[in-house]
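A look at the structure
Residues per chain, in single letters:
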Amino acid sequence: MSSTTLRCTLAVALLAASLSGCDRSQNNPKLIAQARQYQQRGETRAAVIQLKNVLQKEPNNAVARVLLGDLYMEGGDVMSAEKEYRRARQAGIADGEILPRLGKSLLLQGQYEQMLTDLPADTRQPEILALRAGALLGSNRRDEAERLFDSVLQQQPGLVTALLGKASLAMLANSPARALDLVEQALKQHPDDLDSLRFKGDLLRFQGNKEGARRCYEQILKLRPADFQAHLDLANLLIQADQVSAAQAEIAAARKAAPGNLLSNYTQALLELRQKKYSAALEQVQLVLRGAPDHMPAVLLAGTVQVALKADTQAEQYLKRFLAASPKHLYASKLMAGIALRKGKPDDALYLLSPLADRYPDDVELLSDMGDAYMRKRQFAKATEYFQKAADLAPDVAPLHAALGASQFGMGDSRRAIAELERATSLDAKAPRPATMLVLMQMRAREFGKALATVQALEKQDNNPALQNLKGGVMLASADLPGARTAFEAALKLDAGYLPALENLAQLDLLQHQPEQARSRLEAALARDQKNAALMTALAKLATAQGKPAEAMRWLERAHRDNPDALPPALLLATYYVRAGEKQKALTLAQKIQAGNPSQPDALMLLAQAQAASGNQQAALESYMSLAALLPNSASIQLQIAGTQMALARQPEALAAARKALALQPDYGLAQLTAVRLLTEKNAWPDALAIAQSAQKLHPEAPLGYRLEGDILMAQNRAPQAVQRYEQAYGLGQSGALAIALHRALTQAGRQKDAAARIGQWLQRNPRDVATRLYFASTLVKSDVPAAIAQYEKIVELEPSNALALNELAWSCQLVKDKRALDYAERAYRLAGDNPAILDTLGWILLEQGQTTRALPLLKKASDAAPAASDIRYHYALTLLKAADKNAARRQLDLLLTAKDFTRQDEVRALLRQL
């Protein structure tokens, strides 16, 4: 049992029965008497109404305040109960009567320090001392709590609160038998004590005695029919027994007894999860977390539901938060490890699971996950060890033998590997994974004949589309294209709509230069299932592979139109719109998706991205803020907020968001980069350096921390020191970005030859790094134009459609009067004719070659598109002069005189004098 669960159990256990009435002098005896009668009959709402009627007339009626607080406590609204008890105390109720009630309300809220402050250590009141002991226990001060509980029991041996507190301590010490004995002592003296019955029920349920637990909860309902918690406890038992209708009835009874109580939503979420209604479960648990964000069971449940929804990023945020409160919790650790494995982070999985292996040596899932983690690390001996333990515990589970076979194959023991996979297949002939793994291992060893023989043996047991598709894959790998086609077609004879075989045939058609046949095949399948979004998506992929983006978009639009309520096609289409630059379409669709899926983080993220792409950064910021409220522990969302604030030129707010991202995830590299950038902009060198050094301490083996320190030194114009840090970073992990940073630092330090040599070495080892080559070429233009041309030519060779490289190549060639300049400029213009820089280059080359008439509209368009670009305006002015349009030229030259960033104003004045 986790400490969090025990604290919740303790809080419930310490809820004492209502104490006797307080001041008997009442101004509204009839209404209060009626309220008591309603309370006894379980008609809580009616009782509350009567008491509120009293308080409307007499706000300081202390008796009504106490009774109303008691009703709130019974209904689970402990915060409202606390308020009423405090008002009753102000109205004159004696501390001896009200402080025990107030203490219980604070204890149930987990306000342990507040409770210790508000309740004095009065040895004359054992009940208050027992409550203080409960607060000490809740604060994890177990030794102090135990001493105080013992002291109370010496003073008043049968005090229920103290006995149940001791029982909680016994559970924390893993002594359930001792805990049960203490609860029985309490019940022997007070057989109708609800808290003792509830504690006993919880304890029996923890021990697996569901029938005994049920009897306890039912006894509570006999004594108090409107006890909402007992209804929910029964619902939990029924959920575990898959008695859905009965569980729903108990939840309904709880809602009726305590309307608006969030625990009913929590239990409803459990029921929805049990029925695999994951979206409904998520809605319910999010309602709980909005009202009680620190309710740890709901945090764990939210993580569980997100895992079921395959939303690992969101799940991870919830589970991290839960594990921070309850480290080494088995179930949460296994969920987090599963996410780490899916993300390809086996070390993270082992970090979570290794401390639990000795404590839970018989947990098959834990052993299997550890085996999986070691497999991914290619530590096959360790993987085999754990898979073997798991297989010994569960000898009839086919996937375990499949995994064991895979690990043995990794150790080079092919014989045992194949034997385990064959056993897995014999245990479950219809399970695709073991059979697939066996065939894939044989294929990996290039034993295509054996792989085919394995498939053929499996065909005799159970011929199915997946098997035929696998058979086609074997033949395709062995270059038997006709055989592969026959197998894929056999799969489709068994299931005409089997998508993997359809897609494999389409790929085979493309391989054999028959794209129209691929299209016809997919369209024929779609004709049989006209609203199949997966088939339309496959057709969109085919169109994309053929370089037909408009056709791909049409298929995705149809997939969404025919499946308007399906989220994946809609998300895919909206994402495609964003990438294609269809800003308004992307925004409209994203708004529609988000409206239909208000609690789906992916939908809200897409809306924010579409808003940002359309230029509405403020709206994007608001969407990211909503997303942050939905996922408060997401560092990546805080970084999105930081980026959007930067786009809005709100640097302080951006820095605050970046710092929040780092608070949530201290080793988040992008957040470290962003924070350092913002801090260096404001010359906050010590703060920036602290982040860089923190990165170095967190990951001394990674280059980022040293690169950040180098960036800070460069911002301070301390290039020689920056070189040292960049060298450290480069030694830990070479990259193009570090090669560029090192080149800049060496150049600024006056070591130009070293700078060129180092970046040249990087490019020699990484010839396809276009980004670094573009940077290097841009530096060479200033000193060695032929060398720059050679670099740009290499880029164009690698990427013939790189408009930026073609434009720079054209400009460089024009500088040395290379006749190829115009051709390169024309090619860039055909690829990106709306880019101002490309328009300027082509226009200027045409002007210098005497083609003023064609140059003029190009340079006008460039200047209009980039009015702040003074160099483009200067070229446009010169073109106007060549065209003899003196008035228009004067207007452009006058504007240049006021441009702060333009350094050729003397030339402008000379030209104006000529006019």
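Remember, predicted model here, so these are calculated numbers, not experimental data.

The rules we used
Residues numbered from 1 in each chain as written. Predicted model: local features only at pLDDT ≥ 70, side-chain atom pairs only at ≥ 80, totals over all residues. Heavy atoms only, no water. Helix = DSSP H or I, 4+ residues; strand = E, 2+ residues; numbered from the N terminus. Contact = heavy atoms within 4.5 Å. Areas by Shrake-Rupley, 256 points an atom, 1.4 Å probe, with all protein chains shown as cover. pLDDT = per-residue confidence, 0-100. 1 Å grid on protein atoms, 1.4 Å probe; cavity = no way out; pocket = protein on both sides within 12 Å on 5 of 7 lines; lining within 4 Å. Points joined across faces, edges and corners; volume = space filled by probe spheres on them. Nonpolar A, V, L, I, M, F, W, Y, C, P; charged D, E, K, R; others polar. Phe/Tyr/Trp six-rings, centres within 6.5 Å; stacked < 30°, edge-to-face > 60°. Buried < 20%, exposed > 50% of the residue type's maximum accessible area, 1.4 Å probe, protein only. Axes fitted to C-alpha atoms, helices over the stretch in contact; angles between N-to-C directions. Parallel < 35°, antiparallel > 145°, perpendicular 65-115°, else oblique. Left-handed = near helix turned anticlockwise from the far one by under 90°. Core = buried A, V, L, I, M, F, W, Y, C linked by side-chain atoms within 4.5 Å. Salt bridge = Lys/Arg side-chain N within 4 Å of Asp/Glu carboxyl O. Expected span 1.5 Å × (residues − 1). Polar contact = N/O pair within 3.5 Å; in protein donor to acceptor, adjacent residues only side chain to side chain.

The number of helices and strands found in the chain is 54 helices and zero strands. By its C-alpha atoms, the chain is 110 × 80 × 55 Å across when sized along the principal axes. For the chain, contacts bridging at least 24 residues in sequence account for 47% of all contacts bridging at least 6. When the accessible surface of the chain is summed, it comes to about 43200 Å², and 51% of that surface belongs to carbon and sulfur atoms.

Moving on: the confidence of the model for the chain. Averaged over the chain, the pLDDT score is 82; the fraction of residues at 70 or greater is 91%. For the stretch residues 1–27, pLDDT sits under 50, and the model shows 66 contacts to residues farther than four places along the chain or on other chains.

What follows covers the layout of surface pockets. Volume-wise, the second largest pocket comes out at about 910 Å³. Forming the boundary of the second largest pocket are 27 residues, of which Glu316, Lys320, Met336, Asp348 and Asp667 lie nearest the centre. Contributions of two or more residues to the lining of the second largest pocket are made by helix H19 (312–325), helix H20 (330–342), helix H21 (346–357) and helix H38 (635–647). Here the element with the most residues in the lining of the second largest pocket is H19; it accounts for seven residues. Considering only residue class, the lining of the second largest pocket consists of 13 nonpolar, seven polar and seven charged.

By the definition in use, this model includes one aromatic pair. Between Tyr374 and Tyr386 the ring centres are 5.8 Å apart and the planes differ by 10°, which places this aromatic pair in the stacked class. Taken together, the residues span a long stretch of sequence, with Tyr374 in helix H22 (residues 364–376) and Tyr386 in helix H23 (residues 380–393) at a distance of 12 residues. An identical accessibility class is assigned to Tyr374 and Tyr386; each is buried.

In this section: the packing of helix H47 (residues 785–798) against helix H48 (residues 803–815). Their axes nearest at 9 Å, the elements H47 and H48 cross at an angle of 150°. In terms of orientation, H47 lies roughly antiparallel with respect to H48. Relative to H48, H47 is oriented so that their crossing is left-handed. The residues of H48 that touch H47, namely those facing Val785, Ile789, Tyr792, Glu793, Ile795 and Val796, are Ala805, Leu806, Glu808, Leu809, Ser812, Cys813 and Leu815. Taken together, the residues that form the contact of H47 with H48 break down as 10 nonpolar, one polar and two charged.

One finds Leu319, Met370, Leu522 and Ile593 to be the most contacted residues of the largest nonpolar core, which totals 123 residues. Every residue in contact with Leu522, bar those within four places of it in the chain, is listed here: Leu502, Ala506, Leu535, Ala538, Leu539 and Leu542. Within the second largest apolar cluster, 71 residues are counted, among which are Leu129, Leu136, Ala162 and Ala179.

To continue, consider the pattern of salt bridges. Tallied over the entire structure, the rule returns 35 salt bridges. Arg205 is the partner of Asp202 in a salt bridge, and the nearest nitrogen-oxygen pair spans 3.9 Å. Pair noted here: Asp202 and Arg205 are both in helix H12 (residues 194–206), with a separation of three residues, about one helical turn. Here Lys585 ties to Glu557 by a salt bridge, and the two come within 3.9 Å at their closest N and O atoms. Remark: Glu557 occurs in helix H33 (residues 549–562) and Lys585 occurs in helix H35 (residues 583–596); sequence separation between them is 28 residues. Taking the relative accessible area as the measure of exposure, Glu557 reaches 24% and is therefore partly exposed.

With that settled, the discussion passes to unusual backbone geometry. The phi torsion at Ala649 lies on the positive side, around 60°, for a residue other than glycine. As for its placement among the helices and strands, Ala649 is situated in the loop between H38 and helix H39 (651–664). Its identity is not glycine, yet Asn683 carries a phi of approximately 60°, on the positive side. Along the chain, Asn683 falls in the loop between helix H40 (669–681) and helix H41 (685–698).

With 13 residues, helix H50 (residues 836–848) ought to run about 18 Å at 1.5 Å a step, and its terminal C-alpha atoms sit 18 Å apart, in line with that. Those residues of H50 lying buried are Ile838, Leu839, Asp840, Thr841, Leu842, Gly843, Trp844, Ile845, Leu846 and Leu847. Backbone nitrogen of Ala837 and a side-chain oxygen of the N-cap are separated by 2.9 Å at the start of H50; the cap is Asn835.

Right, let's talk about the packing of helix H42 (residues 704–715) against helix H43 (residues 719–732) for a bit. Running from N to C, H42 and H43 cross one another at 165°; their axes reach a closest spacing of 8 Å. With respect to each other, H42 and H43 are oriented roughly antiparallel. Between H42 and H43 lies a crossing of left-handed hand. Listed contacts from H43 to Tyr706, Arg707, Glu709, Gly710, Asp711, Leu713 and Met714 of H42 are Ala719, Gln721, Ala722, Arg725, Tyr726, Gln728, Ala729 and Leu732. Classifying every residue of the contact of H42 with H43 gives eight nonpolar, three polar and four charged.

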